[in-house]
Amino acid sequence: MDYTLSEKITLNSLLTLFTLMNKLGIDFFLDSGTLLKFVRNDRKLTIGSDIDIGIFEKDKKKIFNLKVLLEKRGFKISLQNNFSVFYDYIRINFPKNFKGKSKHVDIYIYRNIKKFYILKRPHKFSKNSLISKLSVYGINFLNQKKYKKFIFINFLFHCLFFIYNNFGKSEQFRFPEDLLKSQLRIIYYINNQKVIFNIPKNYCRYLSYRYTSNWRFPDKNWKKRTNKFVVNDNLKIND
C-alpha cells in the first residue's frame, strides 16, 4: 500500500505510540473502524480520520505511565471527551505541529462483566433519561477550574455524580465475551521497525456483530444502522 505524505506522518506517530505500549506491556488490539479497514485491506494499516484501539481493564493502570511518556513527546491526553471521569477511554491528541491525516487516537477500555465486555461510556448519557441529562450537564458545569476551590461546589459535584452513577443511565457498548476474549497476535513493521498489536481472533464475527454481515462492503449510511451492541444501563462504577 502506498501512503500519502499525511498518512506517513500519522504512521510515524503511531510507531511512537505502539512502541511505547509494547514497552509497557499493554496488550492492545485494533478496534472499530481501524480494525474494519485493516481486515478489508489484507491486514494493512489504513489511516482514517482517527485511530481506534481497544485494551482490557487489566492494563488500565499502565495507561497512566503511557500518558506521562507520551506527554514528554508532545502528545496531549484528554479523558472522556473532557468528561471528568476516567473509565472507558482516553483520547490521544497528536503533537501541536502534527500535519498527519488522523485527528487523534481513541483507546477504549473494556471491562469483563457477566460474560460480556462492556464500555460504560459515562460521557454519553442516555437521551431518554432526564435525570442523566441534568446530572451530566451539572457535573460538566461544576467541573470548571474556577469552581474547584469551593468546598461546597466539590460536595455538590460528588452528589451529582452519585445520582448519575446509581440512578442515571448511559449509552454503553456491550459485546458477548467470546467475540473479544481470544486475540490474534500481529507482528507488524512501520518504517522497518517491528511493533506488536492484536486483533480479535473472531474478527469476522465481531465485525458482523458490530457492523452487520455486510461489513466487508463500504456503506455511506453506516451510522444509521441499528446498533444492537448499544444498551442503556446504570453506570454503577465502584472505583
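Predicted, not measured: the structure shown is a model, and the values here were computed from it. (Residues numbered from 1 in each chain as written. Predicted model: local features only at pLDDT ≥ 70, side-chain atom pairs only at ≥ 80, totals over all residues. Heavy atoms only, no water.)

Visitor: Describe the pattern of salt bridges, and please don't skip the residues or the numbers.
Guide: Applying the stated criterion across every chain, the model contains nine salt bridges. Measuring nitrogen to oxygen at the nearest pair gives 3.0 Å for the salt bridge that ties Lys 67 to Glu 71. In this pair, Lys 67 and Glu 71 are both assigned in helix H3 (residues 62-72), four residues apart and thus about one turn of the helix distant. For Lys 67, a relative accessible area of 30% puts it in the partly exposed group. Residue class for Glu 71 comes out partly exposed when judged on its relative accessible area of 34%. (Salt bridge = Lys/Arg side-chain N within 4 Å of Asp/Glu carboxyl O. Helix = DSSP H or I, 4+ residues; strand = E, 2+ residues; numbered from the N terminus. Buried < 20%, exposed > 50% of the residue type's maximum accessible area, 1.4 Å probe, protein only.)

Visitor: Tell me about the packing of helix H4 (residues 130-142) against helix H5 (residues 151-167), residues and numbers included.
Guide: Two elements in contact, H4 and H5, have axes whose closest approach is 9 Å; the angle formed by their N-to-C orientations is 150°. Relative to H5, H4 is oriented roughly antiparallel. As for how H4 packs across H5, the hand of that crossing is left-handed. Every residue of H5 that contacts H4 at Ile 131, Ser 132, Ser 135, Val 136, Gly 138, Ile 139 and Leu 142 is listed here: Ile 153, Leu 156, Phe 157, Leu 160, Phe 161, Ile 163, Tyr 164 and Phe 167. Classifying every residue of the contact of H4 with H5 gives 12 nonpolar, three polar and no charged. (Axes fitted to C-alpha atoms, helices over the stretch in contact; angles between N-to-C directions. Parallel < 35°, antiparallel > 145°, perpendicular 65-115°, else oblique. Left-handed = near helix turned anticlockwise from the far one by under 90°. Contact = heavy atoms within 4.5 Å. Nonpolar A, V, L, I, M, F, W, Y, C, P; charged D, E, K, R; others polar.)

Visitor: Hey, could you go over the nonpolar core for me, with residue numbers and the actual values?
Guide: Among the nonpolar cores identified, the biggest contains 55 residues, and Leu 17, Phe 18, Ile 107 and Tyr 110 are the most heavily contacted of them. Element by element, the count of residues in this core is highest for helix H1 (residues 5-23), at seven residues. Residues in contact with Leu 17, not counting those within four places in the same chain, are Ile 53, Leu 66, Leu 70, Ile 92 and Val 105. Of all hydrophobic cores here, the second largest spans 15 residues; its members include Phe 83, Ile 139, Leu 235 and Ile 237. (Core = buried A, V, L, I, M, F, W, Y, C linked by side-chain atoms within 4.5 Å.)

Visitor: Give me the lowdown on the environment of Val 39, citing residues and values where you can.
Guide: Mapped onto the secondary structure, Val 39 falls in helix H2 (residues 32-40). For Val 39 and Ser 135, which are 96 residues apart along the polypeptide, the C-alpha to C-alpha distance reads 40 Å. Setting aside its immediate chain neighbours within four residues, Val 39 contacts Tyr 203, Leu 207 and Trp 215.

Visitor: Hey, could you go over the packing of aromatic side chains for me, with residue numbers and the actual values?
Guide: With the rule as written, the count across this model stands at 19 aromatic pairs. Note on Tyr 110 and Phe 175: the rings are 6.3 Å apart at their centroids and 50° apart in plane angle, and the pair reads as tilted. In this pair, Tyr 110 sits in strand E5 (residues 104-113) while Phe 175 sits in strand E7 (residues 170-176), placing the two residues 65 residues apart along the sequence. On the basis of an interplanar angle of 85° and a centroid distance of 5.0 Å, the ring pair of Phe 173 and Phe 229 is categorised as edge-to-face. Here Phe 173 is found in strand E7, whereas its partner Phe 229 is found in the loop between helix H6 (203-211) and strand E10 (230-233), with 56 residues between them in sequence. With respect to class, Phe 173 is no different from Phe 229; both count as buried. (Phe/Tyr/Trp six-rings, centres within 6.5 Å; stacked < 30°, edge-to-face > 60°.)

Visitor: Could you give me a rundown of the pairing of strand E6 (residues 116-119), with the residues and numbers involved?
Guide: On a regular strand, one side chain projects to one face of the sheet and the next to the other, so that they alternate. Where E5 and E6 come together, three bridges link them in antiparallel fashion. From the neighbouring strand, Arg 111 faces E6, where its bridge partner is Ile 118. With antiparallel pairing between neighbouring strands as the criterion, E5 and E6 make up a hairpin whose turn holds two residues, including Lys 114 at a positive phi of roughly 50°. Pairing of E6 with E7 involves four bridges; the strand directions are antiparallel. Looking at the pairing, Leu 119 lines up with Phe 173 of E7. (Pairing = 2+ DSSP bridges.)

Visitor: Requested: an account of a nonpolar patch on the surface, with residues and values cited.
Guide: Taken together, the side chains of Ile 131, Phe 162 and Phe 167 make up a nonpolar region of the molecular surface, amounting to roughly 320 Å² of accessible area. Structurally, Ile 131 is set in helix H4. (Patch = residues over 30% accessible without salt bridge, like charges linked within 9 Å, V, L, I, M, F, W, Y side chains within 5 Å. Areas by Shrake-Rupley, 256 points an atom, 1.4 Å probe, with all protein chains shown as cover.)

Visitor: Tell me about the side chain of Ser 170, residues and numbers included.
Guide: Note that Ser 170 resides in strand E7. Given a relative accessible area of 0%, Ser 170 falls into the buried group. Here the side chain of Ser 170 touches Lys 120 through a polar contact of 2.6 Å, landing on its backbone oxygen. Beyond its immediate chain neighbours, meaning those up to four positions away, Ser 170 contacts Lys 120, Arg 121, Pro 122, Lys 124, Phe 125, Ser 126, Tyr 164, Val 231, Asn 232, Asp 233 and Leu 235. (Polar contact = N/O pair within 3.5 Å; in protein donor to acceptor, adjacent residues only side chain to side chain.)

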